[in-house]
Amino acid sequence: MFLSSIGLLPEKLEFMGSSAIPSFLAGSPPFHPEDALSSEDEEEQRIEFLAGHEIRLGDRTRRIVLMTYDDQGHRTWIDRILDAYTLVGGKASFFFTGNCLPLYAERIQRIVAEGHVFGSHGLVHELHTAMRSDEIRAQLREWLGMVDEIIPGYQVKFFRFPYGDRNERVKKVIAEFGLQSVHWNIESGGLDEDTFDKVVGKVFNGSIVLSHMTRYYDVHEAERILKHLIKEGYALESLETGMDPKDLYPQVTLNEGSFTSKPFLKYLQP
Ligand SMILES: [Zn+2]
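Residues numbered from 1 in each chain as written. Predicted model: local features only at pLDDT ≥ 70, side-chain atom pairs only at ≥ 80, totals over all residues.

How should the confidence of the model for the protein be read in this particular structure?
For residues with low pLDDT, the predicted coordinates do not support detailed interpretation. Averaged over all residues, the pLDDT of the protein is 85; the fraction at 70 or higher stands at 79%. Here residues 1-28 is modelled with pLDDT under 50, and outside its nearest four sequence neighbours on either side it reaches 28 contacts, counting other chains as well. Scored below 50 in pLDDT, residues 253-270 shows 23 contacts in the model against residues more than four places distant or in partner chains. (pLDDT = per-residue confidence, 0-100. Contact = placed C-beta atoms within 7 Å.)

How should I be thinking about unusual backbone geometry in this particular structure?
Residues other than glycine predominantly adopt negative phi, and peptide bonds predominantly adopt the trans conformation. Phi is positive for Cys100, close to 55°, though the residue is something other than glycine. On the secondary structure map, Cys100 appears in the loop between strand E2 (93-96) and helix H5 (105-113). (Helix = DSSP H or I, 4+ residues; strand = E, 2+ residues; numbered from the N terminus.)

Explain the pairing of strand E7 (residues 207-212) to me, please; I cannot follow it from the model alone.
On a regular strand, one side chain projects to one face of the sheet and the next to the other, so that they alternate. Of all six residues that make up E7, six are buried, and the element is covered over most of its length. Of the two faces of E7, both are covered, the one formed by Ser207, Val209 and Ser211 as well as the one formed by Ile208, Leu210 and His212. Strand direction decides the pairing type here: strand E1 (residues 64-70) and E7, joined by six bridges, are parallel. Directly across from Tyr69, in E7, lies its bridge partner Ser211. As paired strands, strand E6 (residues 186-187) and E7 are joined by two bridges and run parallel to one another. Counted as the bridge partner of Glu187 is Leu210 from E7. What joins E6 to E7 is helix H8 (residues 195-200), and the crossover it makes is right-handed. (Buried ≥ 20, exposed ≤ 12 C-beta atoms within 10 Å, placed from the backbone. Pairing = 2+ DSSP bridges. Right-handed = clockwise from strand over helix to strand, strands pointing away.)

What exactly am I supposed to notice about the pairing of E2 here?
A two-sided burial pattern is seen for E2, the buried positions comprising Ser93 and Phe95 on one face and Phe94 and Phe96 on the other. Both E1 and E2 contribute to a ladder of three bridges, which runs parallel. Directly across from Asp70, in E2, lies its bridge partner Phe95. Remark: the E1/helix H4 (residues 75-88)/E2 crossover connection has right-handed handedness. Sheet analysis places E2 next to strand E3 (residues 117-120), joined by four bridges and oriented parallel. Residue Phe96 lies in a different strand from E3, and its bridge partner there is Ser120. Of the crossover connections in this fold, the one passing from E2 over H5 to the parallel E3 is right-handed.

Where do I start with the packing of H4 against helix H10 (residues 222-231) in this structure?
Two quantities define a packed helix pair, namely the angle between the axes and the distance from one axis to the other. Taken N-terminus to C-terminus, the directions of H4 and H10 make an angle of 30°; their axes are 9 Å apart at the nearest point. With respect to their mutual orientation, H4 and H10 come out roughly parallel. The handedness of the crossing between H4 and H10 is right-handed. Counting all contacts with H4, which are made through Arg80, Ile81, Ala84, Tyr85, Leu87 and Val88, the residues of H10 involved are Ala222, Glu223, Leu226, Lys227 and Ile230. When the residues that make up the contact of H4 with H10 are grouped by side-chain class, the tally is eight nonpolar, no polar and three charged. (Axes fitted to C-alpha atoms, helices over the stretch in contact; angles between N-to-C directions. Parallel < 35°, antiparallel > 145°, perpendicular 65-115°, else oblique. Left-handed = near helix turned anticlockwise from the far one by under 90°. Nonpolar A, V, L, I, M, F, W, Y, C, P; charged D, E, K, R; others polar.)

What follows is the structure, given as structure tokens:
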């Protein structure tokens, strides 16, 4: 009665795993926290979901572009990119490798403070499919440990595989750390004068643009690219706000007995 009365569609439950109706939804209201899935089940479902939902495009229903910047270059170059966003408006996402991460502490703090997304590009810029799973786990622990020193409490959610080199196995390993793989549909190039044209000529709603903090034209043309996109009516969003809702894990978080999950609130509130 509860499920039919709220019109809960089967696809809403897809991420929950093989059983069509999770135990905590099967009963009638009021909801009792003790009926919730065990944290182990929830953890397993979260890993499956994140590993199975690589982000390749953002929300295509909105006129947005998701700019991303990989690696890490000269610190003044990072400032230059950030200044462009301050000037033009909008947010982006930055993927850092572990090399010398502490040297970038102030820039990373600035990225987060200014509302951009800070993501992982691995501890080392190497092919992840060539690494053993426990090797990747150890590297991620080290990378996340450094990040925790720089921006304590910040939850890193997104991972860009170096060279885009990934498979199902490594996507699952990073998902154990709550990380979701982010790919791209447009490469700016960044090393040639046609960088501007490559970006503005190819974008469409929800595009994810791969750029680099290390590449001259990605950095020095950033302001011009962003201004042009804004003029074309695009909003510049980070992965956090601009991702396709189907890729967002609908976390059900028990917080003193109440749900904080937006997708589920409407279904679960008695
Ligand atoms: Zn890279």
